[in-house]
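Coordinates in review
In case you want the letters, here they are:
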Amino acid sequence: MAVIRKYNPGAMPPATLVMVAINVAIALIDMFNDGLLERSLCARGIDVYYGQWWRLLGNAFVHGSLMHIAFNAYGIWILGRLFEGLQGWKAFLLVYFASAIGGSALGLVFYDPDIPALGASGAAYGLMGAVLGFFYVKTGSIKGIWQVPISRQLAVWFLIGIGVSLAPGISLLGRRIGALV
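In what follows, the accompanying structure is described. Here the structure is a predicted model, which means the values were calculated and not measured.

All right, on to the overall build of the chain then. In terms of helices and strands, the chain carries 10 helices and 0 strands. Burial analysis of the chain (181 residues in total) assigns 41% to the buried set. Once local pairs closer than 6 in sequence are excluded, the contacts in the chain between residues at least 24 apart make up 72%. Accessible surface, the chain: about 10,100 Å² in total, of which carbon and sulfur atoms supply 71%.

As structure tokens, then:
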């Protein structure tokens, strides 16, 4: 029998809280040890090629600046609360980790192997894609998505993210692939 969930916007989503807390804690620890975690966890194609596969997930927990962690933590908080409220914590973690690893892996395939990739943008955009996909399934069309105010805002946020991703040093592919995973 299927579990029927009622969306409760006031509920505290446990998995979302944990993921945001882990990202922020790693960013704070990294600030006080001269970027040791960033160097240890960032994903460069060359490192992954030589067997450091853990970097495909590890890079989703380190960030390049305070602004970088602030935007990613905010995005994960907003999207995670929404998605976890709709689908539960298991689905949230599945989408989060699949998007983080998928975005990292495909970004590394197409970008310079010496340039490190870091940040939770792939996971955040994966959550965005999952939420938009949920509303697409519920409404049955792209036109239906535009009739749901939150999904309309997410679609605009997605388009703004594409614009931001065109700046040098930002993985457009990692974000888009994260949303497609």
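The subject of this paragraph is helix 6 (residues 89-110). Over its 22 residues, helix 6 extends 32 Å from the first C-alpha to the last, a length consistent with the 32 Å expected when each residue adds 1.5 Å. Buried residues of helix 6: F92, V95, Y96, S99, A100, G102, G103, S104, G107 and L108, and no others.

Below, the discussion takes up the pattern of salt bridges. Applying the stated criterion to the full structure yields 2 salt bridges. In this structure, R44 engages D47 in a salt bridge whose closest nitrogen and oxygen atoms are separated by 3.0 Å. By relative accessible area, which is 28% here, R44 ends up partly exposed. Judged by relative accessible area, which is 13%, D47 ranks as buried. A salt bridge links D47 to R55; the nearest nitrogen and oxygen atoms lie 3.8 Å apart. Within this structure, R44, D47 and R55 form a network of salt bridges that share partners.

A few words now on the packing of helix 1 (residues 14-31) against helix 5 (residues 66-87). Across the interface, helix 1 lies against helix 5 with an axial gap of 8 Å and an inter-helix angle of 170°. One finds that helix 1 runs roughly antiparallel with respect to helix 5. Counting all contacts with helix 1, which are made through P14, A15, T16, L17, V20, N23, V24, A27 and M31, the residues of helix 5 involved are L66, I69, A73, I76, W77, G80, R81 and E84. For the contact of helix 1 with helix 5, the class distribution of residues is 12 nonpolar, 3 polar and 2 charged.

Moving on, we come to the packing of aromatic side chains. The final tally for this structure, using the stated rule, is 5 aromatic pairs. Their ring planes at 35° and their centres at 5.8 Å tell us that F92 and Y96 sit as a pair that is tilted. A residue pair is termed a helical-turn pair when its members lie 3 or 4 positions apart in one helix, as F92 and Y96 do in helix 6 at 4 residues. On the accessibility criterion, Y96 (0% relative accessible area) is buried. Put simply, the rings of F61, F92, Y96 and F97 touch in pairs and so form one group of aromatic residues.

A separate point is the nonpolar core. Membership of the largest hydrophobic core comes to 32 residues, with the highest contact counts inside it found for I76, F83, F92, Y96, L127, F135 and L154. Per-element tally for this core: the top contributor is helix 7 (residues 121-139), with 10 residues. Excluding residues that lie within four positions of it along the chain, F83 makes contacts with G88, A91, F92, V95, L127, A130 and V131.

Time to look at the environment of V109. In this fold, V109 is placed in helix 6. In sequence terms V109 and G45 are 64 residues apart; their C-alpha atoms lie 7.3 Å from each other.

Mapped onto the fold, K90 is located in helix 6. Since its relative accessible area comes to 59%, K90 is described here as exposed. Separated by 75 residues in sequence, K90 and A15 have C-alpha atoms that sit 8.3 Å apart.

You can see N23 is positioned in helix 1. Its relative accessible area of 1% is what places N23 among the buried residues. Setting aside its immediate chain neighbours within four residues, N23 contacts A60, F61, H63, I69, I76, Y96 and A120.

The terminal C-alpha atoms of helix 5 lie 30 Å apart, and with 22 residues this matches the ideal 32 Å at 1.5 Å per residue to within 8%. The sharpest bend along helix 5 comes to roughly 25°, located at G80. The positive-phi residue at the C-terminal boundary of helix 5 is G88, with phi of around 100°.

The rules behind these values
Residues numbered from 1 in each chain as written. Predicted model: local features only at pLDDT ≥ 70, side-chain atom pairs only at ≥ 80, totals over all residues. Heavy atoms only, no water. Helix = DSSP H or I, 4+ residues; strand = E, 2+ residues; numbered from the N terminus. Buried < 20%, exposed > 50% of the residue type's maximum accessible area, 1.4 Å probe, protein only. Contact = heavy atoms within 4.5 Å. Areas by Shrake-Rupley, 256 points an atom, 1.4 Å probe, with all protein chains shown as cover. Expected span 1.5 Å × (residues − 1). Salt bridge = Lys/Arg side-chain N within 4 Å of Asp/Glu carboxyl O. Axes fitted to C-alpha atoms, helices over the stretch in contact; angles between N-to-C directions. Parallel < 35°, antiparallel > 145°, perpendicular 65-115°, else oblique. Nonpolar A, V, L, I, M, F, W, Y, C, P; charged D, E, K, R; others polar. Phe/Tyr/Trp six-rings, centres within 6.5 Å; stacked < 30°, edge-to-face > 60°. Core = buried A, V, L, I, M, F, W, Y, C linked by side-chain atoms within 4.5 Å. Bend = angle between axes of the 7 residues up to and from the residue.

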